[in-house]
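# A structural walkthrough
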Amino acid sequence: MADHTQTNLITLSRHVLAEQRAHKDATGDLTLLLVSIQLGCKFVATCVRKAGIVNLTGLAGDTNVQGEDQKKLDVLANEIFINSLRSSGKVAIMVSEEDEDVIIVSAKDRDPAGHAYAVVFDPLDGSSNIEAGVSIGTIFGIYKVAPGSTGTAKDVLRAGRDMVCAGYCMYGSSTSLVLSTGNGSVSGYTLDTTIGEFILTHPNIRIPPRGKIYSINEGNSVYWDAACTEYFAALKTRQVDGKPAPYSARYVGSMVADVHRTILYGGIFAYPADKKSAHGKLRVLYECFPMAFLVENAGGRATTGAQRILDMVPTAIHQRSPIFLGSRDDVTDLEACYAKHA
Ligand code: AHM
Ligand code: MG
């Protein structure tokens, strides 16, 4: 329930404007772009809530570029974000998980003044969970486009550390938006549906330096490599002061929900490469990079096992990568295990 005695709410737009003013040249362009992302999130949140009632779930009769069946909600969420981002006037180019090619915004839809941005996004991640009513989410990352660029794939085939902003929105028991514009700061906002605004509820999120939870699809363990097998076995057989002290297992199967819990409670989330998926499952541009950007800015780490995620430079927009992210010390242990097996 909204606290109606509180009259000085810190909304997402107010907070981002204040942060931009403190750190860099404040044009307000990023704030405007984020208004269109917030609109998309609010619209999708409403659709997700209504999905069971108005029969939006189920197959849409089309397959996406990864060859998976698209759900109706995926199609809808994709259209919602493309339209909202295009109408901001601040976007030159977009990459969506649901579209095989980059989406170029025509000059007539671009504001000639100010910065132009490239936005990469997964409009509705975790779609296998839709019908069960389990949390799903939207993931996004934002780059500044080079001045004068008309928008090409080159504007997004860049290292993840070049992102200026990344975030996700989780459609769970409440709608939570977690955002970072860099500078070691991550903030969480909760949608107050009574006024339709994202309100700052989790200022300055810091991931615990070590956790007690691991999050991986253990059903794939028969396909894991030796390093992965050894690392997760050690978490389960761990002893402290001569007594068993195993980590707990938690796996939703929605990256947004699993990463959200990992950021708040600590621990490690993993989607490794294995004998079945040589490059892992998750996509570099709009799944791995934004989550790695958030986790690093919250004080955690993200690696492929051999390399910092944010140092990767993808060569294709839908490229996949193995990923391990979470608490600093847990990810450091994982890296040591991979180094030993290299
Ligand atoms: P999607 O983009 O098709 O929804 O797939 C991505 C999802 C992630 O949210 C999640 O971490 C992963 O797939 C789960 O995969 P699996 O079912 O193989 O464990
Ligand atoms: Mg996805």
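So, here is what we can say about the structure in this document. Just so we're clear, the structure is a prediction, and the values are computed from it rather than from any experiment. (Residues numbered from 1 in each chain as written. Chains lettered and ligands numbered in written order. Predicted model: local features only at pLDDT ≥ 70, side-chain atom pairs only at ≥ 80, totals over all residues.)

## Thoughts on the overall build of the protein chain
If you tally the helices and strands in the protein chain, you get seven helices and 17 strands. The C-alpha radius of gyration computed for the protein chain amounts to 20 Å, which stays within 12% of the reference 20 Å derived for 342 residues, consistent with globular compactness. When each of the 342 residues of the protein chain is scored for burial, the buried share is 47%. (Helix = DSSP H or I, 4+ residues; strand = E, 2+ residues; numbered from the N terminus. Rg over C-alpha atoms; globule rule 2.2 N^0.38 Å. Buried ≥ 20, exposed ≤ 12 C-beta atoms within 10 Å, placed from the backbone.)

## Regarding the site of ligand 1
Neighbouring ligand 1 are 13 residues; D125, G126, S127, N217 and M255 lie closest to it. For the shell around ligand 1, the elements supplying multiple residues, two or more each, are β5 (117-125) and α5 (255-265). Within the shell around ligand 1, the residues separate by chemical class into two nonpolar, five polar and six charged. (Near = placed C-beta within 6 Å. Nonpolar A, V, L, I, M, F, W, Y, C, P; charged D, E, K, R; others polar.)

## Observations concerning helix α1 (residues 12-23)
When the terminal C-alpha atoms of α1 are compared, their 17 Å separation across twelve residues agrees well with the 16 Å that a helix rising 1.5 Å per residue should span. The set of residues buried in α1 consists of L12, V16 and E19. Down the axis of α1, the sector holding all buried residues measures 65°, keeping them to one side. Among the exposed residues of α1, those oriented more than 90 degrees off its buried face are R21 and A22. (Expected span 1.5 Å × (residues − 1). Arc of directions from axis to C-beta.)

## Structural notes on the nonpolar core
Judged by nonpolar contacts, the single largest core of 92 residues is most densely connected at Y117, V119 and M291. The greatest single-element share of this core, amounting to ten residues, is contributed by helix α6 (residues 284-297). With sequence-adjacent residues up to four places away left out, V119 is seen in contact with L85, V91, M94, F140 and I142. (Core = buried A, V, L, I, M, F, W, Y, C linked by C-beta atoms within 7 Å. Contact = placed C-beta atoms within 7 Å.)

## Description of the sheet that holds strand β15 (residues 268-271)
Within the open sheet, the five strands sit side by side as β14-β11-β15-β17-β16. Their pairing is mixed. For this open sheet the edge positions go to β14 (248-249) and β16 (301-303), each flanked by a neighbour on one side alone. The pairing of β15 with strand β17 (residues 323-326) spans four bridges and is antiparallel. The residue of β17 that forms the bridge with Y271 is I323. (Pairing = 2+ DSSP bridges.)

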